[in-house]
Amino acid sequence: MSSSSSLYKQLGLGVGSPVSPSHLLLLVLGVGFLALTVFVVHPNEFRIQALISGGGGGCGRDASSVDAVDEPPVKAVSGGTRDAAVTAAAGAAADDVRVLIGIQTLPSKYERRNMLRTIYSLQAREQPSLAGRVDVRFVFCNVTSPVDAVLVSLEIMRYGDIIVLDCAENMDKGKTYTFFSTVARAFNGSDDGAAPRPYDYVMKADDDTYLRLPALAESLRGAAREDAYYGLQMPCDRENFYPFPPFMSGMGYALSWDLVQWVATAEVSRRDRVGPEDMWTGRWLNLAGKAKNRYDNAPRMYNYRGNSPVSCFRHDFIHPGHHRRPHAQGRRPLGRHAPLLQRDRHS
């Protein structure tokens, strides 16, 4: 009995300890379940997860990964973009595009993260060239629930694909700013040749979106690597969004690495971060005269309309095998492009 009492004290479970016996039991059971899952149920899954968590390997273009195209991969919406994109594409052969995708979510959304892990790990398994080129991470603010803290810790040990930001959980009170600035500081790439940039693009996405990673990587290969802003441009019509200035929809948009570094250091983004995050990102760039290279991916990025009326950004599901379909409200047709992003939101 005395040895058990001594062990109890060593584990810090005495009076005033922040760790209760129930938390310890939950941790022990979680570790046991994790071991059972890893070594008995899914012994080969480490190989799959390595593809999504940034394993090594090149990313040469796989001709079977995308449909043949007969027009530019993305729609340029600002002057000078096409020449810059050609220059970027020419330099991409030796050093292929690298993308970090940060999926903003909440600590408690375990089922959603597991679903997305399965989706993206299967895409990575079918396209091994994505390994080390497209990294998918789940992003949320500080974990405050003791139960979530234990379960998220186990999740990090198992998958290593979570970024915890130093902020209170929020949607439009600076979470996206904190994400971009944290990534810029953590990886600390530079454009002066002193250190290679870790990523060409950093993408913010929601956890109710579905990205086609091979199509995304192929599209970004043809885009500029500097001063680039990529997504679904809004407003797409004056009736619904006028007079908001141009911005990329928050369902998923990417900034080139130099713009990520700029967001992390600019005074305008630091002091003005509270507001609809996608509009405010566009606002920072517009006020500073940044993002000369803008890419509008309509209709390849869209909201699934469900029971809502069709609009310039909301329409029916586009099957990747469809080569052409009518375009909505004056936007260019899909042509031979596969869809890039679908958000399962009906409003």
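The model shown is predicted, which means the values in this text are computed figures rather than measured ones. All residue numbers here refer to positions counted from 1 along the written sequence of the relevant chain. With pLDDT at 70 or above as the cut-off, local features in this predicted model cover only qualifying residues; side-chain atom pairs require 80 or more to be listed or tallied, and sums for whole chains, interfaces and linings still use all residues. The side-chain quantities take in all heavy atoms of the structure and omit both hydrogens and water.

**Points about unusual backbone geometry**
The phi angle of most residues is negative, glycine excepted, and most peptide bonds adopt the trans form. Where we set the bar: Helix and strand labels come from DSSP, where a helix needs a run of H or I of at least four residues and a strand needs a run of E of at least two; each type is numbered from the N terminus. Categorising residues by exposure relies on relative accessible area from a 1.4 Å probe, with only protein chains included: less than 20% of the type maximum marks a residue as buried, more than 50% marks it as exposed, and the intermediate range marks it as partly exposed.
A cis geometry characterises the amide bond from A298 onward to P299, with omega recorded as 0°. The residue P299 is located in the loop between strand 11 (293-296) and strand 12 (301-304) in this model. If you check the backbone angles, D227 has positive phi at about 55° while not being a glycine. By the element assignment, D227 lies in the loop between helix 8 (213-221) and strand 7 (228-231). The class for D227 is buried, based on a relative accessible area of 17%. Of note in the backbone geometry, A291 takes a positive phi value of approximately 60° without being a glycine. Following the sequence through the fold, A291 ends up in the loop between helix 12 (277-288) and strand 11.

**Some details on the pattern of salt bridges**
Applied cut-off: Salt bridges are counted wherever a side-chain nitrogen of Lys or Arg sits within 4 Å of a carboxyl oxygen of Asp or Glu.
Evaluation of the coordinates by the stated rule reveals 15 salt bridges. Notably, a salt bridge pairs R98 with D135, separated by 3.0 Å at the nearest N-O pair. Of the two residues, R98 is situated in the loop between helix 4 (81-91) and strand 2 (99-104) and D135 in strand 3 (residues 134-140); the sequence distance between them amounts to 37 residues. Note that R113 and E155 form a salt bridge whose closest N and O atoms lie 2.7 Å from each other. Of this pair, R113 sits in helix 5 (residues 110-126) while E155 sits in helix 6 (residues 146-159), and the two are 42 residues apart along the sequence. A relative accessible area of 0% means that R113 is categorised as buried. What emerges from the salt-bridge pattern is a single network uniting R113, R117, E155 and D161.

**Looking at the packing of aromatic side chains**
How we decide: Here the aromatic set is Phe, Tyr and Trp, taking the six-membered ring for Trp, and pairing holds for ring centres within 6.5 Å; pairs whose planes are under 30 degrees apart are stacked, those over 60 apart are edge-to-face, and all others are tilted. Our definition puts a charge over a ring when NZ of Lys or CZ of Arg is within 6 Å of the ring centre and also within 35 degrees of the ring normal.
Scanning the model with the defined rule gives 6 aromatic pairs in all. A centroid spacing of 5.4 Å and a plane angle of 40° characterise the contact between F179 and F180, whose relative ring orientation is tilted. What makes F179 buried here is its relative accessible area of 1%. Relative to Y253, the ring of Y229 lies with its centre 6.2 Å away and its plane at 90°, an arrangement referred to as edge-to-face. Taken as a pair, Y229 in strand 7 and Y253 in strand 10 (residues 252-256) lie far apart in primary sequence, 24 residues in all. The exposure class of Y229 is buried, given its relative accessible area of 0%. These aromatic residues form a ring-pair network of at least three members: F179, F180, Y229 and Y253. The residue whose ring lies beneath R117 is Y159, and the NZ or CZ to ring-centre distance is 4.0 Å.

**Observations concerning the pairing of strand 10**
Defined as follows: We call two strands paired when DSSP finds no fewer than two bridges between them.
With 5 of 5 residues buried, strand 10 is to be regarded as a mostly interior element. As defined by bridge partners, strand 5 (residues 201-206) adjoins strand 10 across 5 bridges and the pair is classed as antiparallel. Counterpart to K204 in the pairing with strand 10 is Y253. Note that strand 7 and strand 10 share 2 bridges and pair antiparallel. Across the sheet, residue Y230 finds its bridge partner in strand 10, namely A254.

**Quick look at the side chain of T281**
Of note, T281 is situated in helix 12. T281 sits in the buried class, given a relative accessible area of 0%.

**A look at the environment of P128**
Among the secondary structure elements, P128 is positioned in the loop between helix 5 and strand 3. Sequence separation between P128 and P214 is 86 residues, and the spatial gap between their C-alpha atoms is 10.0 Å.

**Focus: helix 5**
Basically, it comes down to this: One less than the residue count of a helix, multiplied by 1.5 Å, gives the span that helix is expected to have. Note that the arc is defined by the directions from the helix axis to the C-beta atoms.
End to end, helix 5 covers 24 Å across 17 residues, agreeing with the expected 24 Å (1.5 Å per residue, within 8%). Of the residues making up helix 5, those classed as buried are Y110, R113, L116, R117, Y120, S121, Q123 and A124. When helix 5 is viewed along its axis, its buried side chains cluster within an angular range of 155° and face the same direction. Of the exposed residues in helix 5, those oriented more than 90 degrees away from the buried face are E111 and E126.

**Concerning helix 6**
The terminal C-alpha atoms of helix 6, which comprises 14 residues, lie 20 Å apart, in line with the 20 Å expected from a rise of 1.5 Å per residue. Listing the buried residues of helix 6 in full gives D148, V150, V152, L154, E155 and R158. Of the residues one or two after helix 6, G160 is the one with positive phi, at around 65°.

**Here's the deal with the pairing of strand 5**
Counting buried positions along strand 5 gives 6 out of 6 residues, so the element sits mostly inside the fold. The side-chain alternation of strand 5 yields two buried faces, one formed by Y201, M203 and A205 and the other by V202, K204 and D206. In this structure, strand 2 lies alongside strand 5, joined through 6 bridges in parallel fashion. Bridging from a neighbouring strand, I101 pairs with M203 of strand 5.

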